[in-house]
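Here is how the chains run, residue by residue.
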Amino acid sequence: MKIIVPVKRVVDYNVKVRVKSDQSAVDIANVKMSMNPFDEIAIEEAVRLREKGVATEVIAVSCGLANCQETLRTAMAIGADRGILVETDVELQPLAVAKLLKAVLDKEQPQLVILGKQAIDDDANQTGQMLAALAGLAQAAFASKVEVADGKATVTREIDGGLETLAVKLPAVITADLRLNEPRYVTLPNIMKAKKKQLDVLKPADLGVDVAPRLKTVKVTPPPARKAGIKVADVATLVDKLRNEAKVI
Ligand code: AMP
């Protein structure tokens, strides 16, 4: 059984991003980029399924600039068997990524696709759902536990106030939530091994996909700066301020 894991190169989660002065976007010039954290969890889950003998091959796929190859090498260092880069300079939106991934699915015919539940840069939470719809596959989003047996995946999902367990017929699309697993550390020997693994590069035109943007970002605004705090003399003053100034009690 083949598993495909789409991995996105995003601004590292430790970076405090700045909004460009013209408010058109976040400034990503010279900032550290890494694999989207939910995609690391997705890769880890796929690799564990291969280690358990449930899957035979894990393929990482990234869409974007040439340097997404670094992200694919990281996925291969975690344990993916090979990588596919769909290379383009066009700024990709979730619908375009979903169409590219659908074309890759048509070629590779995997039984399972595990995506991150959302990319931490656009926070879109759309690609997995769109891909499932375009490919006509069952989907289980926000997985916190996955078991695969007898042609189906049993997926536990975290929902408001509890858990829901779904059985989806394979082939299916799953998106990984934070508590699905804790990804392993990437070791130096595995980074070296990953350099030798197969990495194919395609263009959107090879897949017959038009990736032109359909959405325009109108404005990006940073959160308001936090005001400095004050020290109060005693509890009575604190209660007075909470009641009469902040009006929260
Ligand atoms: P989003 O819908 O943008 O929040 O992204 C959800 C998931 O889709 C990510 O966690 C990735 O697994 C996948 N994805 C989104 N964009 C890309 C991309 N450019 N290349 C590969 N995978 C992507």
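See above for the structure.
Bear in mind that the values here come from a model prediction, so they are computed numbers and not experimental data. (Residues numbered from 1 in each chain as written. Predicted model: local features only at pLDDT ≥ 70, side-chain atom pairs only at ≥ 80, totals over all residues. Heavy atoms only, no water.)

Attention shifts here to the site of the ligand. Around the ligand, the structure places 18 residues, and the nearest of them are Asp39, Cys63, Ala119, Asn125 and Thr127. One of the side-chain N or O atoms of Asp122 is found 2.9 Å from an oxygen atom in the ligand. When the ligand is considered free in solution it has 480 Å² of accessible area, and contact with the protein chains removes 98% of it. Of all the secondary-structure elements, those providing two or more residues to the shell around the ligand are strand S6 (57-64) and strand S8 (112-116). At three residues, the largest contribution of residues to the shell around the ligand is made by S6. Looking at the shell around the ligand, its residues break down into eight nonpolar, seven polar and three charged. (Near = heavy atom within 4 Å. Polar contact = N/O pair within 3.5 Å; in protein donor to acceptor, adjacent residues only side chain to side chain. Areas by Shrake-Rupley, 256 points an atom, 1.4 Å probe, with all protein chains shown as cover. Helix = DSSP H or I, 4+ residues; strand = E, 2+ residues; numbered from the N terminus. Nonpolar A, V, L, I, M, F, W, Y, C, P; charged D, E, K, R; others polar.)

In this section: the sheet that holds strand S12 (residues 172-176). If you walk across this open sheet you meet the nine strands as S11-S10-S9-S12-S8-S1-S6-S7-S13, and the pairing is mixed. Every other strand in the sheet has two partners, leaving strand S11 (162-169) and strand S13 (199-202) as the edge strands with one partner each. Each adjacent strand pair in this sheet contributes to an overall mean axis angle of 35°, direction not counted. (Pairing = 2+ DSSP bridges. Axes fitted to C-alpha atoms, helices over the stretch in contact; angles between N-to-C directions.)

So, on to the packing of aromatic side chains. For the coordinates displayed, the defined rule picks out zero aromatic pairs. Positioned over the ring face of Phe142 is Lys117, at 5.5 Å from the centre of the ring. (Phe/Tyr/Trp six-rings, centres within 6.5 Å; stacked < 30°, edge-to-face > 60°. Lys NZ or Arg CZ within 6 Å of the ring centre and 35° of its normal.)

All told, the structure shown has 19 salt bridges when counted by the stated rule. Taking the shortest distance from any N to any O, the salt bridge between Glu44 and Arg184 comes out at 2.9 Å. Of this pair, Glu44 sits in helix H1 (residues 37-51) while Arg184 is found in the loop between S12 and helix H5 (188-195), placing the two residues 140 residues apart along the sequence. Residue Asp210 is joined to Arg214 by a salt bridge in which the shortest nitrogen-to-oxygen separation is 3.8 Å. Arg214 sits in the partly exposed class, given a relative accessible area of 48%. Among the charged side chains, a network of salt bridges with common partners joins Lys2, Glu57, Arg82 and Glu108. (Salt bridge = Lys/Arg side-chain N within 4 Å of Asp/Glu carboxyl O. Buried < 20%, exposed > 50% of the residue type's maximum accessible area, 1.4 Å probe, protein only.)

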